[in-house]
Amino acid sequence: MIVHINHISQSKKGAKKSQLGELASLVTGSLVDLVENGQLDAKVAPSLRIHLDWIQYKTNFRDPVIVRRTTDAQGKSLSLAEVAIDLRQCQPATLLQQLQEAAQQVNPNASTDNGRHYLADYKPFRDCVIWDFNRVFWRHLGDWEAASGKGFEEALPSGSSDANRPDAVKESVVEFWELLKDLETKNQLPAEIPILEIGVGAGTRAAAFIDLFQEYDAEKGTTYYDRLQFILGDYSPDTLARACASLGRHKSHIIPAPLDALNPFKTLSQYRFKVLYVHLTNVYDNLPFDDLIRRDGKLYLAEVRPYISAASVDQLQADFGIGRAELPAATAKLLDGGPHAVFPGEKGVAFWRALWGCFKLEERLRALDDREESHVPPGLTWAHLQDLLDEAPEDVRFHISRGAAESFANTLPLLHPRGYLQVQDIFVEDMDEYRKGFKGPGKLDGSLVVWVNGALLRAVGARAGYDVHFRPFAYRPGSKTTVMYTTQKP
Amino acid sequence: MKLPILPTTVIGSYSMPEWLERAKNDYLARKLSKRDLDDMHDAVRKAAIKDQESAGIDIVTDGELQRYNMIDYFTERIPGVQVDLGSKRFYYDFYDTEVRNKLGTGSLGLNDEVKFLKKYTDHPTKISVSGPHTLVKRIRNSFYKDEAEFAVDLGKALNRELKEMARNGVTELQIDEPYYSGFPEDLPWAVKAINAATEGVDAHVTLHICYGNRYGKPSFEGSYKYLFPTILDAKVHALSLEFARRGEEDIQLFKEFKAPFTLGLGVIDVKTQDIESPALVADRIRRALEVVPAERLVINPDCGCVHLPRDVAFAKLTAMVEGTRMVRSELGK
C-alpha cells in the first residue's frame with residue numbers, strides 16, 4: 001500500500017500547529033487497524049493507494065473520503081484502487097467510520113450506491129454535465145448574483161478579480177505603448193492598431209485599459225489612441241452589450257465580437273497576423289479539461305459520475321417538492337432553459353442554487369487503450385502529450401487543459417509578428433507541481449475553476465513558434481494569479 | 001525541357017510530414033540511426049519531386065525535406081562555423097552557432113542535391129540556399145569586425161558552391177533572404193554580400209525576399225518599399241516576392257523604379273490552409289501583367305510549403321498551375 005501526501009506546503013500559520021499531521025497519522029493508523037481486523041481485503045490492500053489531499057476550495061465536488069476504482073479500456077474492473085482523503089474536510093471523530101466504508105467499497109464487487117441519485121453515467125471531465133451547469137451560470141449570471149447578493153467577482157476565493165488591478169493595467173498600457181513606439185521608430189506601425197480582449201466581464205478592465213492608454217498616449221505626445229481598435233470578444237451577447245455600454249466614451253474604438261473562446265480565429269480571421277495584443281483574465285480556468293493519471297507506468301483517464309446524495313435528495317424534496325422521480329426532468333429543464341424553466345421567479349433560482357450546492361462527483365480511472373486519442377486536444381498530437389509525460393514524474397495526476405490549449409492554439413494565428421498574448425490566470429507551470437497540491441476542479445459559487453496546465457500550453461506554443469513564459473502577478477500580495485505571456489521563437 | 005511562358009515553380013520546401021518530424025527528433029535523441037533517417041529523407045524527396053511533377057510544376061526542387069531548417073543545414077556545412085550539436089532537442093529549432101575564425105574554403109556539399117534532382121527528374125531543376133544576410137543574423141560573430149564583413153565572406157563561401165552547382169547543370173539557383181524585411185537598414189551591405197555570392201555564377205539566379213515563414217507565420221510586417229532603389233544594385237536575374245497574403249500593391253514598385261528583374265510572383269498564400277481557386281490565381285497573374293510583361297514573370301507560391309499538410313500543398317500547387325494555364329491560354333501561348 002502506498003500513501004501519497006499530495007499537500008506539500010509549509011504552514012503560514014507560524015507557531016499555530018494545524019491538525020494535518022494528526023489527521024494523517026490517524027489515517028495511516030486506522031488503515032493498519034483495518035487490515036489487521038480483516039476489514040480491508042488483504043488481496044486489495046497491496047495495490048491500494050491512499051492519497052492525502054488538502055482541497056483549498058470551501059465547497060467542492062468531493063466527499064471527505066472517496067474511492068476511485070480502476071477499469072480497463074472496456075470498463076472491466078482492475079485490481080488497482082485509490083482512496084482519496086480531503087484532510088481539510090475530515091473530522092477525527094468521523095474519519096474511522098469513513099475509512100471503514102471506503103475499505104468496503106474498494107472491493108470491485110461492492111456497491112457504491114448509498115441511495116445516491118445519479119445525474120449521468122461515468123464520462124471524462126470534458127463531457128461531464130458540470131459544463132452545462134457552468135453554461136447556465138454565465139447565461140443567467142444576473143439571477144445568481146441577485147440571489148446571492150454579491151457579484152461573481154466578490155464570490156471568487158480572493159474576493160475580487162485580479163483583472164482590474166489598476167497598477168497591473170497601467171503596466172500593460174506602458175508595455176503596449178512601448179511596443180507601438182518601437183514599431184513606429186522602425187516605420188512598421190500599422191495604420192490600425194487592433195487589441196483583443198477575450199472574456200470581457202462587465203468591461204471594467206477594457207475601460208481601465210483604454211482610459212489609461214488614452215491618457216498615457218496624450219502624456220507622451222503620440223497619437224496611437226486614434227488608431228486603436230479594441231475588439232471585445234465574448235460568447236454572451238448580453239455580456240458584450242453590458243461591456244459596450246460601459247465603454248460608451250470610447251465608442252468609435254470598440255468592436256464587439258461574439259465569439260467562442262475555444263476558437264477566436266473562426267470569428268476574427270480577418271485579423272490574421274494583425275492583432276498586436278491579446279489579453280485574457282480567468283478564461284482558461286473555466287474551460288473543459290481532462291485528467292490523466294499515470295500509475296505504475298500505465299495511463300488512466302479520470303471519469304466522473306455526478307450525483308446527489310440521498311440526504312440531499314430528501315432535502316430537495318422537502319424544499320421544492322421535487323422528488324427522486326422528478327429530479328431528472330427538473331435538472332434537464334434547468335440545464336436547457338435556465339432556472340425559470342423549472343420554477344418561475346426566485347424559486348427557480350433557489351432550486352438551481354440548492355442543486356448546485358449538493359452536486360458531487362464520483363471518480364473512476366479508466367485505463368487508456370494505446371490507440372485511443374480522444375483525450376488529445378485539437379491541434380495537438382499524441383507526441384505532444386508524450387513530451388509532457390517525458391518531463392513529468394513517474395506517478396502523477398495532471399490536467400489536459402484541452403479547452404485552454406484549443407483556445408490558445410486558435411488565438412495565436414491572430415497575432416501580428418510583433419504581437420503578444422497575455423493571460424492572467426492560475427497556472428501549473430511544470431509537471432512536478434501536480435504532486436504538491438490540489439489543482440482543481442474547485443467548485444465556485446455557481447461555476448467551477450480548474451488550474452491550467454502551463455506546461456501543456458508551452459508545448460502548444462512551441463509548435464506554433466512561440467515561447468511561453470510565466471511571471472508572478474506582483475500587484476496583489478498572496479495572489480495565486482500568474483501572468484503568462486508569449487514571445488516569438490527565434 | 002523548354003520552359004513555357006509564365007513558368008511555374010516552388011520556392012523550395014515541400015510539405016514536411018509529421019512522422020518525419022518525429023523521426024528527425026528521434027535522430028537528435030539518438031533513437032534513430034543516420035542511415036535510417038537518410039533512407040526516409042530520400043523517400044520523401046522522391047515523393048516531393050513526384051508531387052510537383054504531378055501538379056504540373058515546371059521547375060522542381062527536391063522539397064528540401066532533408067534540411068532541419070533554413071539555417072542549420074548551412075551552418076553545419078560552412079567551414080569555420082562552430083555548431084553546438086547539443087543545443088537543441090527539436091529539429092526545427094536552431095543550433096547555437098558561432099564564428100571564431102575567418103571562414104574556410106571547403107565545399108558545402110550542396111552539389112549532392114543537384115545530383116539527386118537530375119537522377120530523379122527530367123524537369124528543369126532548382127536549388128535554394130539561405131543568403132548571407134539571413135545566416136549572419138543567426139550566427140554569433142566573434143571574429144569579423146562587423147556583420148557586413150562577415151556577410152561578404154559568407155557570400156564568397158556560397159559563391160563557390162553556387163558556381164559548382166551551375167556547372168553541374170542546375171537550371172535555377174535561388175538565394176533566400178527573409179531577414180531583409182526585419183532589418184531594412186542592413187540592405188546596402190546585404191546587397192553587396194549577395195553580389196559576392198552571385199559573381200560569375202553561370203545560372204539563372206533568383207533572390208527570394210519574403211516576410212518570413214517560420215512556423216507558418218510571418219516574422220515581420222511592412223511594405224517592400226524599403227527595398228527600392230537599393231535592391232536595383234543586386235546582381236541577380238529575378239526577385240521572388242510575397243504578394244498573395246499581403247496584397248499586390250507593392251508590385252507597382254517594379255514600375256515606379258523600372259526594376260529590370262524577372263518577378264517571381266507569389267500567388268499562393270502558404271500561411272493558410274485555405275486553397276486558392278485557379279480563377280483567383282489567374283486574377284493575380286493578370287493584375288501583375290499590367291505592370292510586368294509575361295516574359296519577365298515566374299509564377300510561384302509566396303514561400304515554401306513546408307508547414308502545409310501534404311494534401312493542402314498539393315492542392316494549392318495544382319490550383320496554381322491551373323490558374324497559370326488559364327492565363328497562358330488567354331495570351332495564346
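Here the structure is a predicted model, which is why all the values come from computation and not from measurement. (Residues numbered from 1 in each chain as written. Chains lettered and ligands numbered in written order. Predicted model: local features only at pLDDT ≥ 70, side-chain atom pairs only at ≥ 80, totals over all residues. Heavy atoms only, no water.)

Participant: What is the right way to read the sheet that holds strand β1 (residues 81-84) of chain B from this model?
Facilitator: Sheets are built from strands that pair by backbone hydrogen bonding, the pairs being arranged parallel or antiparallel. Residue and element names in this part refer to chain B. Taken in spatial order, the 3 strands make up an open sheet running β1-β2-β4, and their pairing is mixed. Because the sheet does not close on itself, it has two edges, and the strands there are β1 and β4 (140-141). For β1 and strand β2 (residues 96-99), the ladder comprises 4 bridges, and the chain directions are antiparallel. Residue Val-81 lies in a different strand from β2, and its bridge partner there is Val-99. (Pairing = 2+ DSSP bridges. Helix = DSSP H or I, 4+ residues; strand = E, 2+ residues; numbered from the N terminus.)

Participant: Before we go on, may I ask you to explain a negative patch on the surface in this structure?
Facilitator: Residues and elements named next belong to chain A. Together, Asp-387, Asp-390, Glu-391 and Asp-430 line one region of the surface with negative charge. Along the chain, Asp-387 turns up in helix α12 (residues 382-390). You can call Asp-387 partly exposed: its relative accessible area is 45%. (Patch = residues over 30% accessible without salt bridge, like charges linked within 9 Å, V, L, I, M, F, W, Y side chains within 5 Å. Areas by Shrake-Rupley, 256 points an atom, 1.4 Å probe, with all protein chains shown as cover. Salt bridge = Lys/Arg side-chain N within 4 Å of Asp/Glu carboxyl O. Lys, Arg positive; Asp, Glu negative; His and termini not counted. Charge placed at Lys NZ, Arg CZ, Asp CG, Glu CD. Buried < 20%, exposed > 50% of the residue type's maximum accessible area, 1.4 Å probe, protein only.)

Participant: Can you walk me through the pairing of strand β8 (residues 262-266) of chain B in this structure?
Facilitator: A regular strand places its side chains on the two faces of the sheet in alternate fashion. Residues and elements named next belong to chain B. Most of β8 is tucked away, with 5 of its 5 residues classed as buried. Across 4 bridges, the pairing between strand β7 (residues 238-241) and β8 is parallel. Bridge pairing in β8 links Leu-241 to Leu-265. Across 4 bridges, β8 lies against strand β9 (residues 297-300) in parallel orientation. Looking at β9, one finds that Gly-266 is bridged to Asn-300.

Participant: Sorry if this is basic, but what is going on with the environment of A:Ala367 here?
Facilitator: Residues and elements named next belong to chain A. With respect to the element layout, Ala-367 can be found in strand β13 (residues 359-367). For Ala-367, a relative accessible area of 12% corresponds to the buried category. For the pair Ala-367 and Thr-71, spaced 296 residues apart in the sequence, the C-alpha separation amounts to 6.1 Å. Other than its neighbours up to four places away in sequence, Ala-367 contacts Thr-71, Asp-72, Ala-73, Leu-78, Leu-299 and Tyr-300. (Contact = heavy atoms within 4.5 Å.)

Participant: When you look at the packing of aromatic side chains in this model, what are you seeing that I'm missing?
Facilitator: What describes a pair of aromatic rings is the distance from one ring centre to the other and the angle between the planes of the rings. Residue and element names in this part refer to chain A. Under the defined criterion, the tally for this structure stands at 41 aromatic pairs over all chains. With a centroid separation of 5.6 Å and 90° between ring planes, the pair formed by Trp-177 and Tyr-216 is classed as edge-to-face. Of this pair, Trp-177 sits in helix α5 (residues 166-185) while Tyr-216 sits in helix α6 (residues 204-220), placing them 39 residues apart in sequence. In this structure Tyr-216 comes out as buried when scored by relative accessible area, which is 10%. Ring geometry for Phe-209 against Phe-230: centres 6.0 Å apart, planes inclined by 55°, an arrangement best described as tilted. Note that Phe-209 is positioned in helix α6 and Phe-230 in strand β8 (residues 228-234), a separation of 21 residues in sequence. (Phe/Tyr/Trp six-rings, centres within 6.5 Å; stacked < 30°, edge-to-face > 60°.)

Participant: How should I be thinking about helix α13 (residues 402-409) of chain A in this particular structure?
Facilitator: Note: α-helices contain 3.6 residues per turn, so residues at a spacing of three or four share the same orientation. The element α13(A) is largely enclosed, with a buried count of 7 among its 8 residues. Those residues of α13(A) not exposed but buried are A:Arg402, A:Gly403, A:Ala404, A:Ala405, A:Glu406, A:Ser407 and A:Phe408.

Participant: Looking at this structure, how should I read empty space enclosed by the protein?
Facilitator: Where empty space is left in the structure can be found by rolling a water-sized probe over the atoms. Evaluated as defined, the whole model comprises 3 cavities of 30 Å³ or more. Of the residues contributing to the lining of the largest cavity, the split by class is 4 nonpolar, 7 polar and 2 charged. (1 Å grid on protein atoms, 1.4 Å probe; cavity = no way out; pocket = protein on both sides within 12 Å on 5 of 7 lines; lining within 4 Å. Points joined across faces, edges and corners; volume = space filled by probe spheres on them. Nonpolar A, V, L, I, M, F, W, Y, C, P; charged D, E, K, R; others polar.)

Participant: What is the right way to read the interface of chain A and chain B from this model?
Facilitator: One frequent convention defines the size of an interface as the accessible area lost when the parts assemble. Opposite the 15 residues of chain A that make contact, chain B presents 20 residues. In total, chain A and chain B occlude about 1400 Å² of area from one another, counting both sides; carbon and sulfur atoms represent 50% of this. In this structure, the connection of chain A to chain B is made through 3 salt bridges. Between A:Arg272 and B:Asp269 there is a salt bridge whose closest N-O contact spans 2.4 Å. At the junction of chain A and chain B, the tally comes to 6 residue pairs in polar contact (both at pLDDT 80 or more). Elements with a minimum of two residues in the side of chain A that touches chain B: β15 (415-425) and α14 (454-464) of chain A. (Buried area = accessible area lost by both parts, 1.4 Å probe. Polar contact = N/O pair within 3.5 Å; in protein donor to acceptor, adjacent residues only side chain to side chain.)

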